[in-house]
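Listed here are the chains, written in short residue letters.
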Amino acid sequence: MDRFVIKGGSALSGEVLIGGAKNASLPILAATVLAEGPSSIGNVPRLQDVGALCRILGQIGVSVSRDSVGRLTCEVIDEDCVTAPYDLVRRMRASICVLGPLLAKRGQARVSLPGGGVIGPRPIDLHLKGLRALGARIRIEHGYVVGEADRLRGARVYLGGPSGPTVLGTATVMMAATLAEGETVIEHAACEPEIENLAGFLAAMGASIEGAGTHRIRIRGVEKLRGARYEVMPDRIEAGTFLMAGAITGGDVFCRGARADRLDAVLDRLADANVNVTEEPGGLRVKSCGRPRRTDLTALPYPGFPTDLQAQMTALLSVAEGTSVLTERVFPDRFIHTAELGRMGARIAREGDSVSIQGVRRLEGAEVMASDLRASAALVIAALAAEGETVIRRIYHLDRGYERFEQKLRSLGADIRRESGRDVALPGLGTHARAA
Ligand code: EPU
């Protein structure tokens, strides 16, 4: 297992190119199951999670290849296998997004139930409710979702859950409805930009969709979809992460490809925290104006502050002047990063779905452990500003969702290096125990 060694203290400066969005790429790639003929998809980031989904696509008969400029060509070459096995799905929860397309196109699906994650339970009841409303027969058998359907039928589907709308649940029902007979209306749909990006791809394939990006999406089913050429949107979470990294180091960073209209809530809270972000042609620039100030925020579904930037903002506010209160309404248990930040000197106290962060002047380098993707990014942000050296173990979590993260940070002047875990001989355990 690799680890990062980071020496804090360098102000980041320069330009970074924001890559394609992980959370748009995954459902877009899954949607290629619906098409007749090849699709060509650009701006797909090279990430572990994308690789994991491509392996599942391979398993269910979709050939996937990457050309020299990085475009992926996906084409269904065999419709016989409809099983996404546990061994692949357990690596990535978002694998569930092949369920809707398989049912709509092939009338059958067998997809391993994804388990929970460190950010909390990850139910899929709303995905199943939506597919059942379209006429799919679904049962859970030996840890698998087993679905069958004749042609799906359009329906009115309410997709609100206890924490609001569901992003991938909306994607599942939207994809399935494209080939259903008649009209589907999704009420309380997620309006994340990634859903709009997916809807754009489905429309390019010949689907008829209105209202993506709002809480009501209307889909008129068509007989067939064709392959299409399409571009994945820039990753707003990666952009937000670099803005916060620039801010905490007192730097000057231009994030090429970052869009203000996708980050309104984040820019609003950064402004309140005395972080200066300006829109320039082609991107956003963060420029230091001294120590950040306290602010409060609540992570909510879009257009609220994204839960996927909550941990990174916690790192930034841990060095702010004053005490901030941060509440998490999407995944109320997503606070695993706070204990590790505490080992670096952050003063964070949790109460229910909130934390209060008493800002300190300086964090200290320490040995810490990454626990999930965004928590790991928070530790990197903290380490960039900490006094001395930080060693972050288990950084494979970062490789799931940030493309060439350390290279990008190094190009901005960060002192960060990746070290491979060494095999060490522990008494009685032989040499297979790992050091990192
Ligand atoms: N929920 C249910 N029932 C369901 C589905 C969700 O109750 O059937 C609940 C969840 O437990 C949660 C809330 O609804 O409390 C929202 O979950 P959602 O379904 O929107 O999450 P998701 O679609 O599984 C995507 C992203 C996550 C991101 C969330 C919220 C992808 C691949 N994943 O997950 O991204 O945090 O939306 O914005 O798009 C990440 O990138 O690090 C990540 C975790």
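The notes below deal with the structure included here.

About the cut-offs
- Residue positions are given per chain, counted from 1 along the sequence in the order it is written.
- The model is predicted, so local features are restricted to residues of pLDDT at least 70 and side-chain atom pairs to those at 80 or more, both for listing and for counting; the totals for chains, interfaces and linings are taken over all residues.
- Derived side-chain values reflect all non-hydrogen atoms in the structure, with water molecules and hydrogen atoms excluded from consideration.
- Residues grouped as a nonpolar core are buried Ala, Val, Leu, Ile, Met, Phe, Trp, Tyr and Cys residues, joined through side-chain atoms within 4.5 Å.
- In this scheme, a residue with accessible area under 20% of its type's maximum is buried, one over 50% is exposed, and one in between is partly exposed, where area comes from a 1.4 Å probe on protein chains only.
- Going along the chain from the N terminus, every DSSP run of H or I of four or more residues is numbered as a helix, and every run of E of two or more is numbered as a strand.
- Any two residues whose heavy atoms approach within 4.5 Å at even a single point are treated as in contact.
- With axes taken as lines fitted to C-alpha atoms, and helix axes fitted only over the stretch in contact, angles between N-to-C directions fall between 0 and 180 degrees.
- Oblique is the label for every angle not falling under 35 degrees (roughly parallel), over 145 degrees (roughly antiparallel), or within 65 to 115 degrees (roughly perpendicular).
- Left-handed describes a crossing whose near helix is turned anticlockwise from the far helix by less than a right angle; the clockwise case is right-handed.
- Just so you know the grouping, Ala, Val, Leu, Ile, Met, Phe, Trp, Tyr, Cys and Pro go in nonpolar, Asp, Glu, Lys and Arg go in charged, and all remaining residues, Gly too, go in polar.
- For this analysis, a ring pair means two rings from Phe, Tyr or Trp (six-membered ring only for Trp) whose centres lie within 6.5 Å, classed as stacked if their planes differ by under 30 degrees, edge-to-face if by over 60, and tilted for the remaining angles.
- By definition here, charges over rings are those cases where NZ of Lys or CZ of Arg is within 6 Å of the ring centre and within 35 degrees of the ring normal.
- DSSP-based pairing: two strands are paired if at least 2 bridges between them are found.
- The term polar contact refers here to a pair of N or O atoms within 3.5 Å; inside protein, the definition further demands a hydrogen-donor-capable atom paired with an acceptor-capable atom, and it admits residues adjacent in sequence only when both atoms are side-chain atoms.
- By convention in these notes, a residue is near a molecule or strand provided one of its non-hydrogen atoms lies within 4 Å of it.
- The Shrake-Rupley method, run with a 1.4 Å probe sphere, supplies the accessible areas, and residue values consider only the shown protein chains as cover.

**Details of the nonpolar core**
- Ranked by internal contacts, the top residues of the largest apolar core, which has 79 residues, are L29, L34, V98, L99, V111, M174 and L202.
- In terms of residue count, helix α6 (residues 167-177) provides more of this core than any other element does, seven residues in total.
- Residues within four places of V111 in sequence aside, it is in contact with A84, V89, S95, I96, V98, L99, L102, Y144 and V145.
- If you look at the next biggest cluster of nonpolar residues, it comprises 69 residues, including F305, V319, M344 and A366.

**Some details on the packing of helix α8 (residues 236-248) against helix α12 (residues 373-385)**
- At a minimum axis separation of 8 Å, α8 and α12 run at an interaxial angle of 20°. Looking at the two axes, α8 sits roughly parallel to α12. With respect to the hand of their crossing, α8 and α12 are arranged in right-handed fashion. Of the residues in α12, those touching α8 at I237, T241, M244, A245 and I248 are R374, A377, I381, A382, L384 and A385.
- Broken down by class, the residue content of the contact of α8 with α12 amounts to nine nonpolar, one polar and one charged.

**Observations concerning the packing of aromatic side chains**
- Inspection of the entire model under this criterion finds three aromatic pairs.
- A ring pair is formed by F201 and Y230, whose centres lie 5.5 Å apart and whose planes are at 45°; its orientation type is tilted. Separated by 29 residues along the polypeptide, F201 in helix α7 (residues 193-204) and Y230 in strand β16 (residues 229-231) bring together distant segments of the chain. Of the two residues, F201 and Y230, both sit in the buried class.
- Through a chain of ring-to-ring contacts, three or more aromatic side chains come together here, namely F242, Y402 and F405.
- Above the plane of the ring of Y144 lies R110, whose end atom (NZ or CZ) is 4.1 Å from the centre.

**Some points on the pairing of strand β9 (residues 137-141)**
- Relative to strand β10 (residues 144-148), β9 runs antiparallel, the two sharing five bridges. Looking at the pairing, R139 lines up with V146 of β10.
- Where β9 folds back onto β10 in an antiparallel hairpin, the turn is made up of two residues, including H142, whose phi is positive at roughly 50°.

**Quick notes on the side chain of S25**
- For S25, the position within the fold is in helix α1 (residues 22-31).
- Assessed through its relative accessible area of 1%, S25 is described here as buried.
- From its side chain, S25 meets the backbone oxygen of A21 in a polar contact 2.7 Å long.
- In contact with S25, other than residues within four places in its own chain, are V44, P45, V50 and V232.

**Notes on the site of the ligand**
- With respect to spatial proximity, 26 residues lie near the ligand, and among them T166, L168, D308, V330 and R374 are the closest.
- Within the backbone of P123, an N or O atom sits 3.3 Å from an oxygen atom of the ligand.
- Within the side chain of R374, one N or O atom sits 2.7 Å away from an oxygen atom of the ligand.
- For the ligand, the accessible surface in isolation is 820 Å², of which the surrounding protein chains cover 91%.
- Considered class by class, the residues forming the shell around the ligand number 14 nonpolar, five polar and seven charged.

**A look at the sheet that holds strand β11 (residues 156-158)**
- The strand order across the open sheet formed by four strands is β11-β12-β14-β13, and the pairing between neighbours is mixed. In this open sheet, the two edge strands, each paired with only one partner strand, are β11 and β13 (208-210). Averaged over all pairs of adjacent strands, the angle between strand axes in this sheet comes to 15°, irrespective of strand direction.
- Here five bridges tie strand β12 (residues 183-187) to strand β14 (residues 216-220), and the two strands are oriented antiparallel to one another. Its bridge partner lying in β14, I186 is registered against I217.

**Topic: the sheet that holds strand β22 (residues 347-351)**
- One open sheet holds the four strands; their spatial order is β20-β21-β23-β22, and the pairing between them is mixed. Of all the strands in the sheet, just β20 (297-299) and β22 have a single pairing partner and so form its edges. Each neighbouring strand pair of the sheet contributes to a mean axis angle of 20°, computed without reference to strand direction.
- Where β22 lies against strand β23 (residues 354-358), five bridges are found, and the strand directions are antiparallel. From the neighbouring strand, R347 faces β23, where its bridge partner is Q358.
- Across the sheet, helix α10 (residues 310-317) is in contact with β20, β21 (323-328), β22 and β23; its angle to β21 comes to roughly 170°.

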